[in-house]
Amino acid sequence: MIKLPDHVSVIIVGAGPSGLMMAALLLRQGVHPVIIDSKKELTTHSKALAVQARSLEILRQLGLSEAFLREGSQVRGFDLHFMDDEFPAELRLDGAGKTMFPFVLMLEQSRTEKFLLQDLTAHACPVFWDCCLKGVEQSDDRVAVQVAQSGLERRISCDWLIGADGASSLVRRALNVPFSGGSYLQRFYLADLKLTAPLAGDYINIFSKKEGFNALFPIHEHLVRCVGIIPASLQERTDLSFEDIKPYITFTLGMPLGVESSEWFSVYSIHHRMADKFRSRRVFLIGDAAHVHSPVGGQGMNTGLQDAYNLAWKLAGVITGEFDPGVLDSYASERMPVARKLLKTTDRLFSIIVSDNKLVKWVRNWAVPLLLQRVAGGERVKNELFNRISQIGISYRKSSLSVHHSSSTNIKAGDRLPFLRVYDEKRKEDTDLHQWCSKGGFTLLVLGELSPMAVSGMAKWIKSAYPFQLNFFYLPRSENNKTVFEAFEIHGEKDKRAVIVRPDLHIGYINDVVDTELIDGYLKQVIGWRRK
């Protein structure tokens, strides 16, 4: 057994996707955390399946996206089966040109965790398994943590504590942070089924009929996930098995599934809750410890990954002494509105899906199909659907870290940096803006015409003032990069944009004036950068 150190900079409680991602991102920023988990090993169950485009963009930055793509299955949309319709209503995800990943990747959470853990192991960052949190106390300068490691209790300390320990978070309870919300009345089942023949197509099939609700998610090859509401006649049973549910699935689907075996069967309740605060002094909550919601749209795990993405660079900057601690206040102010909106949206949709109210059922089974037939093929609907599900539409425009001094109206400070193809005029090669900004740290993009002397002066200033954490790319106007200039609404020959991209690929600053004093002012006064 490896003994826990007496004091560390960061302790992460929970080795699920959010905690492992937090550790991976901190490592890239030069901070070596300690991860503890009460389990004895990684989960072997599939659990969360959907890996959204925004999460894949994070994984691309970490150099892990290719491994995920090799193992996962790509889903391109939804087939919605209502009542006795012979043909389903089709909702297609249209993310072409918006991201490198215009689909939903279906990959079991067990494999997601495995890939992240392999990455941590390669960077000499182990997980301390069988290590249970017993208590938390904090002061102005550190956090004391009582743990039981393999049954032996001891007290250790850290500068910062991250609660990534799920919906029943011991960290959140130790802080007495309320977890406001509720639970749905119905009980649900989940079955991962190995079929005798593969499920045709690359769509999620959703069945909403008088007989009940079912959804089929392709995982890979012959493996599918079937989820649904436990029938009223079985709601009180505590010993359910797949064989009890199987006849109801056949009845709802209108056809038998050729099931070779049930790989995993679980009965559960669904909750919709959110912590009243995401930070208490030196302790932060991320992932399910901060918010849980219905599985509509496959948002839960991905929202936790983005929590980590938002917090890691800020915390690392404070730990290394580069940023003023005030930047940490922006974690809750940016992520809590996202979680709140997601809870509201998923709760509303899920309530419609599972409601027994006669009027709601009529709307769901008759009015909604007619509406979908009219609008599902429209570009606006497909674009909005993809932006929401993929999470690429999340923006921090109202954040204190977002400064917009530009005439551009389509792309604003706080938005995710759009995925745009770029021809690198210097290297004479094709790339994209995300790849340019993948090195870690902040990135300054200057779009428009500058004299060679001005470009050289900008580069020298950055090397002198911000030598390690501010990358610089200059993109002059050219026919090859016309789409970039159109996206940023740069029309005149003399028009320019100075764009500062945060480490999480959100735009922090846009200005129509390219000026080192203004850029320096943003980094020092808004971000709180402590120039050395």
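Up top is the structure.
Here, residues in each chain are numbered from 1, in the same order as that chain's written sequence. Local features are withheld for residues below a pLDDT of 70 in this predicted model, meaning they are given only at 70 or higher, and side-chain atom pairs are given and counted only at 80 or more; totals for whole chains, interfaces and linings count all residues. Each side-chain value is worked out from all heavy atoms of the structure, with water and hydrogens disregarded.

Asks: Can you walk me through the sheet that holds strand E6 (residues 89-92) in this structure?
Replies: Through backbone hydrogen bonds, the strands of a sheet pair up, either in parallel or in antiparallel fashion. Only when DSSP finds a minimum of two bridges between them are two strands counted as paired. Strands here are runs of E lasting at least two residues and helices are runs of H or I lasting at least four, both read from the DSSP assignment and numbered beginning at the N terminus. Spatial ordering of the open sheet is given by E6-E5-E13-E14-E15-E12-E16-E19, a layout of eight strands whose pairing is mixed. Of all strands in the sheet, those bounded by a partner on one side alone are E6 and strand E19 (291-292). As paired elements, strand E14 (residues 212-220) and strand E15 (residues 223-229) share six bridges and run antiparallel to each other. Bridging across to E15, Asn214 finds its partner in Gly228. Across the sheet, helix H6 (residues 242-253) is in contact with strand E12 (179-195), strand E13 (203-209), E14, E15 and strand E16 (259-275); its angle to E14 comes to roughly 100 degrees. By definition, residues are in contact when any of their heavy atoms lie within 4.5 Å. For helices, the fitted line uses only the C-alpha atoms of the stretch in contact; every axis is such a line through C-alpha atoms, and the angle between N-to-C directions lies from 0 to 180 degrees.

Asks: Before we go on, may I ask you to explain the packing of aromatic side chains in this structure?
Replies: In this description, a pair of aromatic rings is defined by centroid distance and the angle of the planes. Two aromatic rings from Phe, Tyr or Trp, using only the six-membered ring of Trp, form a pair when their centres are within 6.5 Å; if the ring planes differ by under 30 degrees the pair is stacked, by over 60 it is edge-to-face, and anything between is tilted. Counted according to the given criterion, the structure contains 16 aromatic pairs. With 4.9 Å between their ring centres and 70 degrees between their planes, Tyr466 and Trp529 make a pair best called edge-to-face. Within this pair, whereas Tyr466 is found in the loop between helix H12 (452-465) and strand E24 (470-475), its partner Trp529 is found in the segment after helix H14 (516-527), the two being separated by 63 residues in sequence. Only protein chains enter the accessibility calculation, which uses a 1.4 Å probe; a residue is then buried when its area is under 20% of its type maximum, exposed when over 50%, and partly exposed in between. Judged by relative accessible area, which is 8%, Trp529 ranks as buried. Here the basic side chain of Arg172 rests over the ring of Phe179, its NZ or CZ set 3.6 Å away from the ring centre. Charge-over-ring placement is defined geometrically: NZ (Lys) or CZ (Arg) within 6 Å of the ring centre, and within 35 degrees of the ring normal. Lying over the aromatic face of Trp160, Arg282 brings its terminal NZ or CZ to 4.4 Å of the ring centre.

Asks: What exactly am I supposed to notice about the side chain of Ser408 here?
Replies: Relative to the assigned elements, Ser408 resides in the loop between strand E20 (403-405) and strand E21 (421-424). We define a polar contact as two N or O atoms separated by no more than 3.5 Å, with the added condition that, inside protein, one atom must be a possible hydrogen donor and the other a possible acceptor, whereas residues neighbouring each other in sequence contribute only through side-chain atom pairs. A polar atom in the side chain of Ser408 sits 3.1 Å from the backbone oxygen of Ile411. Excluding residues that lie within four positions of it along the chain, Ser408 makes contacts with Phe488, Glu489, Arg497 and Ile510.

Asks: Before we go on, may I ask you to explain the layout of surface pockets in this structure?
Replies: Where empty space is left in the structure can be found by rolling a water-sized probe over the atoms. Residues are said to line a cavity or pocket when one of their atoms sits within 4 Å of a point; the points come from a 1 Å grid over protein atoms alone, cavities being sets where a 1.4 Å probe fits but cannot get out and pockets being open sets with protein on both sides within 12 Å along at least five of seven lines. Grid points are joined across faces, edges and corners, and a volume is the space filled by probe spheres set on the points. Of the volumes computed, that of the second largest pocket is approximately 480 Å³. Lining of the second largest pocket is provided by 17 residues; of these, Asp424, Lys426, Arg427, Trp436 and Phe473 occupy positions nearest its centre. Of all elements in the fold, only strand E22 (429-432), helix H11 (433-436) and E24 reach the threshold of two or more residues within the lining of the second largest pocket. Looking at the lining of the second largest pocket, the element that brings in the most residues is E24, giving five residues. Three classes are used, and their members are as follows: Ala, Val, Leu, Ile, Met, Phe, Trp, Tyr, Cys and Pro are nonpolar, Asp, Glu, Lys and Arg are charged, and the others, Gly among them, are polar. Here the lining of the second largest pocket is built from residues that sort into six nonpolar, four polar and seven charged.

Asks: Help me understand helix H1 (residues 17-28) in this model?
Replies: Three- or four-residue spacings in an α-helix give side chains the same orientation, since the helix completes a turn every 3.6 residues. A rise of 1.5 Å per residue sets the reference length of H1, with its twelve residues, at 16 Å; its end C-alpha atoms lie 17 Å apart and thus fit the reference within 8%. Most of H1 is tucked away, with eleven of its twelve residues classed as buried. Among all positions in H1, only Pro17, Ser18, Gly19, Leu20, Met21, Met22, Ala23, Ala24, Leu25, Leu26 and Leu27 are buried. Downstream of H1 by a residue or two, Gly30 has a phi angle that is positive, lying close to 90 degrees. Take the residue count of a helix, subtract one, and multiply by 1.5 Å to get its expected span.

Asks: Looking at this model, I keep getting lost on unusual backbone geometry. Mind explaining?
Replies: The phi angle at Asn176 is positive, at roughly 60 degrees, despite the residue not being glycine. Of note, the phi angle at Glu221 is positive, near 50 degrees, even though the residue is not glycine. Taking relative accessible area as the criterion, Glu221 reaches 70% and is therefore assigned exposed.

Asks: What exactly am I supposed to notice about empty space enclosed by the protein here?
Replies: Going through the model one piece at a time under the given rule, you end up with two cavities of 30 Å³ or more. By volume, the largest cavity is sized at about 40 Å³. In terms of lining, the largest cavity is formed by Leu193, Phe242, Lys246, Ile249, Thr250, Leu257 and Val259. A per-element tally of the lining of the largest cavity places H6 first, with four residues. Taken as a whole, the second largest cavity holds about 40 Å³ of empty space. Elements that contribute at least two residues to the lining of the second largest cavity include exactly helix H2 (53-61) and H11. When residues in the lining of the second largest cavity are grouped by element, the largest group, three residues, is from H2. Among the residues forming the lining of the second largest cavity, the class breakdown is one nonpolar, four polar and two charged.

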